[in-house]
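Fold and contact review
If you want the building blocks of each chain, they are given just below.
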Amino acid sequence: MEYNYTKIFDEIQKLIHKSILIWFGFIAGCCVPLLLLCLFRVLPYSALWAMAGILPMSVALIFIRHFYQKKAELLAKKQQLSLMAFHAKQALDLLQQDFPDTDISDCLIRMRYLAKNGIDVDAALKRLDGNTDAYNECAASFLAESGHLEDTLYDLMQPDTLSQYGAEAHMLRTQANRLGIVNLTDTAFFHEIEAYAGDYAIVKANWKKLSLELDEAYTLLSEYIKSIGYQCKTNNSGDHMTLKQWADRLQEAFTALEAYDTNKARNIIQELLQYQVDANISKSLRDIISNIDDIMAN
């Protein structure tokens, strides 16, 4: 359904005009008999001074009309923004249909693939209170960041940047430990300690081992994520975002529209359009941006 805020505004404007005309009609109804009585000398002309307040009252009514007309226009715009929020909610509901319908028990079964290849998923799930969804989120996040992280580590593997290298190795160790990747956790910890100790030669000599284990973990987790149908979207810059993260951002835009924060909502939706989620959803979001621009331009 198409909504146009100007239709709402026109109806409110008509009500304002009618109310003003009623007031002018009331004033005229009081003044005309008085004027006629004075013309026929039923009343003295001095009685016309009773009409002296009509001019400032008329000016005040004109200003009041202008003021409430602006208020009505703002109200109509806010009403239309609420409708934009409604459209955003529809897009969010449509997106939720694309979420992987993966049963928890199915995830646990497929996690045995990881366990058979040396990943301690039992310990990882224990740390996450058995939350398989949280584990899947961590795995998707690891896959999104591992490529950039390996490049960053390699670039920082210099004698004068070993402290930064150690910090990145610590980050890798934390992620690997959260996912139960024991060998990568140990190797990353070794690199972290040696980097903070300033031993460039040892770090460089063990780089190949770290790189191979990181690639192996990436391969295992990629196969696992694909097997459960978990979806992760990429924008034009190659940055990753899971469908859940994408939906959370869209919900944030929806909330901003409800609060009439058009700039924030527009910026978030523009950001989300970089991710190729679905052609129909993208079209709906572009329509929302177009409608916001039209509303705020009027």
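Look a little higher up for the structure.
Before going into details, it helps to say that this report is about the structure given with it. (Residues numbered from 1 in each chain as written. Predicted model: local features only at pLDDT ≥ 70, side-chain atom pairs only at ≥ 80, totals over all residues. Heavy atoms only, no water.)

Re the overall build of the protein
Condition: To qualify as a helix, a DSSP run of H or I must reach at least 4 residues; to qualify as a strand, a run of E must reach at least 2; elements of each kind are numbered from the N terminus. Between buried and exposed lies partly exposed: a residue is buried under 20% and exposed over 50% of the maximum accessible area for its type, with that area taken using a 1.4 Å probe on protein chains only. Only heavy atoms matter for contacts: two residues are in contact if any of them lie within 4.5 Å across the pair. Computed with a 1.4 Å probe, the accessible areas rest on the Shrake-Rupley method; for each residue, only the protein chains presented here act as cover.
Check the secondary structure of the protein and you find 12 helices and two strands. Across the protein, helices and strands are ordered from the amino to the carboxyl terminus as α-α-α-α-α-α-α-α-α-β-β-α-α-α. When each of the 298 residues of the protein is scored for burial, the buried share is 37%. Considering only residue pairs separated by 6 or more positions, the protein has 69% of its internal contacts joining residues 24 or more positions apart. Accessible area of the protein: about 17200 Å², with a carbon and sulfur share of 58%.

Topic: the nonpolar core
Formally: By nonpolar core is meant a set of buried Ala, Val, Leu, Ile, Met, Phe, Trp, Tyr and Cys residues that side-chain atoms within 4.5 Å join together.
One finds Tyr-135, Phe-142, Tyr-165, Leu-172, Ile-181, Leu-184 and Leu-221 to be the most contacted residues of the largest nonpolar core, which totals 35 residues. Breaking this core down by element, the ones donating at least two residues are α3 (104–116), α4 (121–127), α5 (132–156), α6 (162–179), α7 (182–197) and α9 (207–227). Within the second largest apolar cluster, 18 residues are counted, among which are Leu-81, Leu-250, Ala-256 and Leu-273.

Focus on the packing of aromatic side chains
Rules: For this analysis, a ring pair means two rings from Phe, Tyr or Trp (six-membered ring only for Trp) whose centres lie within 6.5 Å, classed as stacked if their planes differ by under 30 degrees, edge-to-face if by over 60, and tilted for the remaining angles.
If you walk through the whole model with that rule in mind, you get two aromatic pairs. Judged by centre distance (6.4 Å) and plane angle (80 degrees), the rings of Tyr-135 and Tyr-224 are edge-to-face. Residue Tyr-135 is located in helix α5, and its partner Tyr-224 is located in helix α9; the two are separated by 89 residues in the primary sequence. Assessed through its relative accessible area of 0%, Tyr-224 is described here as buried. Centroid distance Tyr-154 to Trp-207: 5.7 Å. Interplanar angle 55 degrees. Geometry classified as tilted. Of the two residues, Tyr-154 is situated in helix α5 and Trp-207 in helix α9; the sequence distance between them amounts to 53 residues. A residue is classified by how much of its surface remains accessible, and Tyr-154, at 48% relative accessible area, is partly exposed.

Let's talk about α5
Counted only if it meets this: In a helix, the anticipated span is given by 1.5 Å times the number of residues less one. To get the bend at any residue, fit one axis to the seven residues that end at it and another to the seven that begin at it, then take the angle between the two axes.
Taking 1.5 Å of rise per residue, the 25 residues of α5 would be expected to cover 36 Å, and the 34 Å separating its terminal C-alpha atoms lies within 8% of that figure. Within α5, the axis deviates most sharply at Ser-146, by approximately 40 degrees.

A look at a nonpolar patch on the surface
Note the cut-off: Patch membership needs two things, relative accessible area over 30% and no salt bridge, and members are linked within 9 Å if like-charged or within 5 Å if nonpolar (Val, Leu, Ile, Met, Phe, Trp, Tyr). What makes a salt bridge here is a side-chain nitrogen of Lys or Arg within 4 Å of a carboxyl oxygen of Asp or Glu, nothing more.
Judged by side-chain polarity, Val-32, Leu-35, Leu-36, Leu-37, Leu-39, Phe-40, Val-42 and Leu-43 come together as a nonpolar surface patch covering roughly 720 Å² of accessible area. Mapped onto the fold, Val-42 is located in the loop between α1 (5–39) and α2 (54–96). Classification of Val-42 by relative accessible area gives exposed; the value is 55%.

Remarks on the environment of Ala-123
Examined against the element boundaries, Ala-123 turns out to sit in helix α4. Ala-123 gets classed as partly exposed once you look at its relative accessible area, which sits at 24%. Distance in space between the C-alpha atoms of Ala-123 and Asn-177 is 9.3 Å, their sequence separation being 54 residues.

Side note on the environment of Lys-77
With respect to the helices and strands, the residue Lys-77 is situated in helix α2. Lys-77 sits in the buried class, given a relative accessible area of 13%. Sequence-wise, Lys-77 and Ile-292 are 215 residues apart; in three dimensions their C-alpha atoms are separated by 9.5 Å.

Some details on the pattern of salt bridges
A complete count under the given rule lists seven salt bridges for this structure. Across the pair Arg-112 and Asp-122 runs a salt bridge, and its minimum N-O distance is 3.0 Å. Residue Arg-112 is found in helix α3, and its partner Asp-122 is found in helix α4; the two are separated by 10 residues along the sequence. Arg-112 sits in the partly exposed class, given a relative accessible area of 34%.

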